[in-house]
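# Coordinate analysis (summary)
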Amino acid sequence: MTESRLLRRLRWRVEAGLVRALFAAVRTLGLRRASDLGGWAGRTLGPKLPVSRVAEVNLRLAFPERDAAWRRATIRAMWDNLGRVAGELPFLPALMDDPGAVTVEGAEGFDAIARAGRPAIVFSGHFANWEILTPTAARRAPTAVVYRAIGNPLIDALVAALRQAAIGGGTGMMQPKGTAGARETLAHLRRGGVVGMLMDQKMNDGIEARLFGVPAMTAPALAHLALRFRCPVFPTRALRLGPARYRVVVEPPLPLPDTGDRHADIAALTQAVNDTLERWIRDRPAEWLWLHRRFDKALYR
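Residues numbered from 1 in each chain as written. Predicted model: local features only at pLDDT ≥ 70, side-chain atom pairs only at ≥ 80, totals over all residues. Heavy atoms only, no water.

## Here we look at the packing of aromatic side chains
Note the threshold: In this analysis, rings of Phe, Tyr and Trp, with Trp reduced to its six-membered ring, are considered paired at centre separations within 6.5 Å, and the interplanar angle assigns stacked below 30 degrees, edge-to-face beyond 60, and tilted for intermediate values. Runs of H or I in DSSP of at least four residues are treated as helices and runs of E of at least two as strands, each being numbered from the N terminus. For the exposure calls, accessible area comes from a 1.4 Å probe over protein chains only, and a residue counts as buried if that area is under 20% of its type's maximum, exposed if over 50%, partly exposed in between.
If you walk through the whole model with that rule in mind, you get nine aromatic pairs. Judged by centre distance (5.6 Å) and plane angle (55°), the ring pair of Phe 63 and Phe 212 falls under tilted. You can see Phe 63 sitting in the loop between α3 (52–62) and α4 (68–88) and its partner Phe 212 sitting in the loop between β6 (207–211) and β7 (214–218), a full 149 residues away along the chain. For the pair Phe 63 and Phe 212, a shared accessibility class is recorded, and that class is buried. With centroids separated by 5.9 Å and ring planes inclined at 25°, the aromatic side chains of Phe 123 and Trp 280 adopt a geometry described as stacked.

Have a look at this one:
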């Protein structure tokens, strides 16, 4: 083992130890106070970080008609929400077990599909606290979620354990992005399972769709799978009602195009996904994570 690999593993252990200690300290506060503390830390420190410049660019592109004061307020509120997500994360299993923490609206169609044992796709984005979406779905139907693994595998395992515990008595699988995850996603749909995807991040080798009228490279995997299996695609988002209080809204499935031109159908369905995300963002801009370089990299220079 080379020295660099030894140092990397040592760094992983130190980082994971710090995260475990932080989680233990946060748990002593209780869920409500941890959420409030996270919100205070987020809105106090976040706007001062360099990454907030990415949010500024994104907001200028998405809302060119709004002024600088509105953008600053939105960035501050976004950081408040993100801090609360961090503060609530160590309590995720307890949050999901609290009958008053998460209410679900509009899930009748999804539940009918689940009872019939038919495949379905649920998509969302980084809204409010996106961590509650997987356990919400998995407690209703066998659900596999494709996610981007954390660079430190020890921290990734720690967070994965929290997510798995939050599923409770449900059935859920977390599949990291990659070839193996893609194979398991296909197999899961063939078995009549549900696949969850977050669709609001840039994919450089995706296809071009529009978001706020701006070209945005977007992953086409959802459209490929939905058209291949002709399965319903449920837009689903979380709305923050307060500290550690949420409403999950399941919307009716998106229409599946069927023109006979597969490339055109994939493009149309991918655009419909982005249109849905844009509608949600316009509705509650402070609850979306504006920190991704969602558009062409030249726009951020």
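Alright, that's what it looks like, and here's the rest.
## Details of helix α10 (residues 221–229)
Among the residues of α10, Leu 222, Ala 223, Leu 225, Ala 226 and Leu 227 are the ones counted as buried. Positive backbone phi, at 50°, marks Arg 230, one or two positions downstream of α10.

## Examining unusual backbone geometry
In the Ramachandran plot, Ala 128 falls in the positive-phi region, its phi being about 50° despite a non-glycine side chain. Turning to its location among the elements, Ala 128 is positioned in the loop between β2 (120–124) and α7 (133–138). On the basis of relative accessibility, which here comes to 0%, the residue Ala 128 falls in the buried class. The residue Arg 230 is not glycine, and still its phi comes out positive at about 50°. As for its placement among the helices and strands, Arg 230 is situated in the loop between α10 and β8 (233–242).

Read these as spatial facts, not as claims about activity.
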